[in-house]
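Structural features, examined
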Amino acid sequence: MHPLEMQRQPLPNLPCGHALAQRTLPRPMRQFDVPVFYRSSLIAQVKDARRTSDPRKRDLSPSVLDFGPVRFKIARHFGFCYGVENAIDIAYRALDKHPDKRIFLLSEMIHNPHVNDDLINRGVRFLRTTQGEQLIPFETLEADDIVIVPAFGTTLEVEEKLRAQGVDPVAWNTTCPFVEKVWKKSEQIGRKQYTIVLHGKRYHEETRATFSHARKEASVVVVRDLEEAQLLADVILGTRSHAFLLDRFADRLSEGFDPARDLERIGVVNQTTMLATETAAIAALLRAAMREKYGDATLDQHFADTSDTLCYATNENQTATQALIADGGDVALVVGGYNSSNTSHLVELCEKVMPTYFVSSAEDVVSPHLIQHFDYRAKAHRETSDWMPEKRPFEVVLTAGASCPDALLEAVLIKVLGFVPGAYPVEAVMASFATAASTA
Ligand code: SF4
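Along each chain, the written sequence defines residue order, and numbers are assigned to residues from 1. It should be noted that, the model being predicted, local features are given only for residues of pLDDT at least 70 and side-chain atom pairs only at 80 or more, the latter also being counted only at that level, while totals for whole chains, interfaces and linings use all residues.

**Here's the deal with the overall build of the protein**
- By definition, any uninterrupted DSSP run of H or I lasting at least four residues is a helix, any uninterrupted run of E lasting at least two residues is a strand, and each is numbered from the N terminus. A tally of helices and strands in the protein yields 15 helices and 15 strands.
- Throughout, radius of gyration means the C-alpha value; the globule benchmark is 2.2 Å times the number of residues raised to the power 0.38. Against the compact-globule benchmark of 22 Å for 440 residues, the protein has a radius of gyration of 23 Å, which places it among compact chains.
- With the C-alpha coordinates of the protein rotated into their principal frame, the extents come out at 70 × 55 × 40 Å.
- The contact criterion used here is simple: two residues whose C-beta atoms, placed from the backbone, lie within 7 Å are in contact. Across the protein, every contact between residues at least 6 apart in sequence was considered, and the portion connecting residues at least 24 apart equals 73%.

Printed below as a string of structure tokens:
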């Protein structure tokens, strides 16, 4: 057991009186040492039962928890991914092993306020905001300090600044290997003189880091969505001018970008948490533009095959969410940090099909008559009255982003359950999952 586990306090606003919230269940995959208060025994039972019955993850249908008047449909895949668990493990290990040292994070470790707040409460200090605003000058760092690089990775320029202060940027590096895989792919095709078209949000930490690593070997242009990819395709095909590109994408081009030279050979990579279907559509659109311009025979000289840069967790969570909403439901609750890119894409999928609320924790689910939620497009907090369906039974579709602790999803479920008179007891409903999980 992680030495700190005995000292850690539960997260605020969790139903900690709930007996199911306090145990850690074994997981068959690589084990990371994640604090128990981020886990949920209820969710672990559901996940373990599914893993037992479908070890190859072929069945994407949701797990159904039928409480009588309310039925929860939970996505086959959601919650902490490999990269997030790895980062949490490393950060808490730094706290455990070096209580005497100053510990800094370059910025938010992951996009979940509960995890970041817990680290701050334990004395970790953030050097920058998630938008890149400096909170603590790099010049104040000392060689003995610990600086944790978050799961998104960081830029070569920041690594240089740390080294200048005598701080090793590799010693406590939690950069996700799936992000590094994108960097490697960028370097690989960059060395072959392909320009990198990076599908991402220009000021997201991961895209800033990938942009920095990619431009070491290649010219880079960042496109936010399909609409921007179409503008780029127009420039490739000559229906828009080079001057248009230099102006419209001014803050999204690598230095010295020359449209005449740099749009002859391109390859698409992405910020790992973008909507997978959108990355695929962008790649298809740009490939078609290159084919139209250069013909089929030499297409591979103008368009690099990069189809394997999507992250497994993003893929799994999005395909599971698609299966979840295809199964139907009356209302969807998506749990995660409001600045979490991967969570906002799950919201985007759900809201096409049913009323959907993006909540950060159970606290947002105020009552059956009021829910607080986040509008990720307008970046604004909203309140909606009478969000809970009146019909009985009704179905709640439930999922969470890759940076959301399972304990938060459980707390949302328990909170909603408390609003539904006559619901069956949790233990009775979970009995079948517990039996299935115990055969694992
Ligand atoms: S979402 Fe994917 S790339 Fe991002 S931390 Fe998780 S596993 Fe890594």
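And the narrative resumes.
**Quick word on the site of the ligand**
- Note on definitions: a residue is near a molecule or strand provided its C-beta atom, placed from the backbone, lies within 6 Å of it. Inspection of the region around the ligand gives 15 residues, with Cys81, Gly83, Cys176, Thr272 and Cys311 positioned closest.
- When residues of the shell around the ligand are traced back to their parent elements, those giving at least two are helix H2 (82–97), helix H5 (177–191) and helix H12 (312–326).
- In the shell around the ligand, the residues fall into ten nonpolar, five polar and no charged. When residue character is reported, Ala, Val, Leu, Ile, Met, Phe, Trp, Tyr, Cys and Pro are called nonpolar, Asp, Glu, Lys and Arg charged, and the others, Gly included, polar.

**What about the packing of H5 against helix H6 (residues 205–214)?**
- Lines fitted to the C-alpha atoms define the axes, with helices restricted to the stretch that makes contact. Angles between their N-to-C directions range from 0 to 180 degrees. At a minimum axis separation of 9 Å, H5 and H6 run at an interaxial angle of 30 degrees. Looking at the two axes, H5 sits roughly parallel to H6. For the crossing formed where H5 meets H6, the hand is right-handed. Of H6, the residues touching H5 (which contributes Val179, Val182, Trp183, Ser186 and Gly190) are Glu206, Thr210, His213 and Ala214. For classification purposes, an angle smaller than 35 degrees is called roughly parallel, one larger than 145 roughly antiparallel, one from 65 to 115 roughly perpendicular, and anything else oblique. Should the near helix be turned counterclockwise from the far one by less than a right angle, the crossing is left-handed, whereas a clockwise turn marks it as right-handed.

**Describing the packing of H12 against helix H13 (residues 341–351)**
- Viewed as axis vectors pointing N to C, H12 and H13 meet at an angle of 20 degrees, and their least axial separation amounts to 10 Å. When the interaxial angle is binned, H12 and H13 end up roughly parallel. Crossing geometry of H12 relative to H13 is assigned as right-handed. Here Thr314, Asn317, Gln318, Thr321, Gln322 and Ile325 of H12 come into contact with H13, specifically with Asn342, His345, Leu346, Leu349 and Cys350.
- For the contact of H12 with H13, the residue count by class is four nonpolar, seven polar and no charged.

**Comments concerning the domain arrangement of the protein**
- Source of the domain bounds: an automatic or database domain assignment. As far as domains go, the protein holds domain 1 (39–81 + 313–438), domain 2 (82–164) and domain 3 (178–310).
- Using only C-alpha atoms to locate each centre, domain 1 and domain 2 end up separated by 30 Å.
- Taken together, the contacts link 14 residues of domain 1 with ten residues of domain 2.
- Across the side of domain 1 that touches domain 2, the residue classes tally to seven nonpolar, seven polar and no charged.

**Side note on H2**
- To estimate how far a helix should extend, the number of its residues minus one is multiplied by 1.5 Å. Between its terminal C-alpha atoms H2 stretches 22 Å, which fits the 22 Å expected from 16 residues at 1.5 Å a residue.
- Exposure is read from a count of other C-beta atoms within 10 Å of each residue's own; the residue is exposed at 12 or fewer, buried at 20 or more and partly exposed in between. C-beta atoms are placed from the backbone. Those residues of H2 that sit buried are Gly83, Val84, Glu85, Ala87, Ile88, Ala91, Tyr92 and Ala94.
- Summarising the contacts, the buried residues of H2 are in contact with strand E3 (103–105), helix H3 (113–121), strand E5 (146–148) and H5.

**Looking at the sheet that holds strand E1 (residues 63–66)**
- The sheet built from five strands is open, its strands ordered E1-E2-E15-E10-E11 with mixed pairing. Each end of this open sheet is capped by a strand with a single partner; those strands are E1 and strand E11 (356–359). Averaged over all pairs of adjacent strands, the angle between their axes in this sheet comes to 20 degrees, without regard to strand direction.
- In this description, strands pair whenever DSSP reports at least two bridges between them. Across five bridges, the pairing between strand E2 (residues 70–74) and strand E15 (residues 394–400) is parallel. Residue pairing for E15: Arg71 is matched across the bridge by Glu395.
- Here H13 sits on the sheet and contacts strand E10 (331–335), E11 and E15; the angle it forms with E10, its principal contact strand, is near 175 degrees.
- Contacting E2, E10, E11 and E15, helix H14 (residues 406–418) crosses the sheet at an angle of about 165 degrees to E15.

**Some thoughts on the environment of Trp172**
- With respect to the helices and strands, the residue Trp172 is situated in the loop between helix H4 (156–164) and H5.
- The exposure class assigned to Trp172 is partly exposed, which follows from the 19 C-beta atoms found within 10 Å.
- The spatial distance from the C-alpha of Trp172 to the C-alpha of Met109 is 12 Å, given a sequence separation of 63 residues.
- Those residues in contact with Trp172, other than ones at most four positions away along the chain, are Ile90, Ala94, Ile146, Val147, Ile148 and Val149.

**Remarks on the pairing of E10**
- When you tally the buried positions in E10, you get four out of five residues, the bulk of the element.
- Relative to E15, E10 runs parallel, the two being bridged by five bridges. By the bridge assignment, Val335 is partnered in E15 with Ala400.
- Handedness is read with the strands pointing away from the viewer; a crossover is right-handed when the path from the first strand over the helix to the second is clockwise. For the crossover that starts at E10, traverses H13 and ends in the parallel E11, the hand is right-handed.

**Focus on the environment of Pro62**
- Its place among the elements puts Pro62 in the loop between helix H1 (41–53) and E1.
- Not counting chain neighbours up to four residues away, the residues in contact with Pro62 comprise Lys73, Ile74, Ala75, Arg76, Ala323, Leu324 and Asp327.

**Overview of the sheet that holds E5**
- Read from one edge of the open sheet, three strands run E4-E3-E5, paired in parallel fashion. This sheet does not close on itself; its edge strands, each paired only once, are strand E4 (125–126) and E5.

**Some thoughts on the pairing of E2**
- The buried fraction of E2 amounts to four of the five residues, a majority that puts the element mostly inside the structure.
- Across four bridges, the pairing between E1 and E2 is antiparallel. Note on E2: the bridge partner recorded for Leu65 is Phe72.
- Hairpin connection, E1 to E2: the antiparallel pair is bridged by three residues, and Gly68 has positive phi, about 90 degrees.

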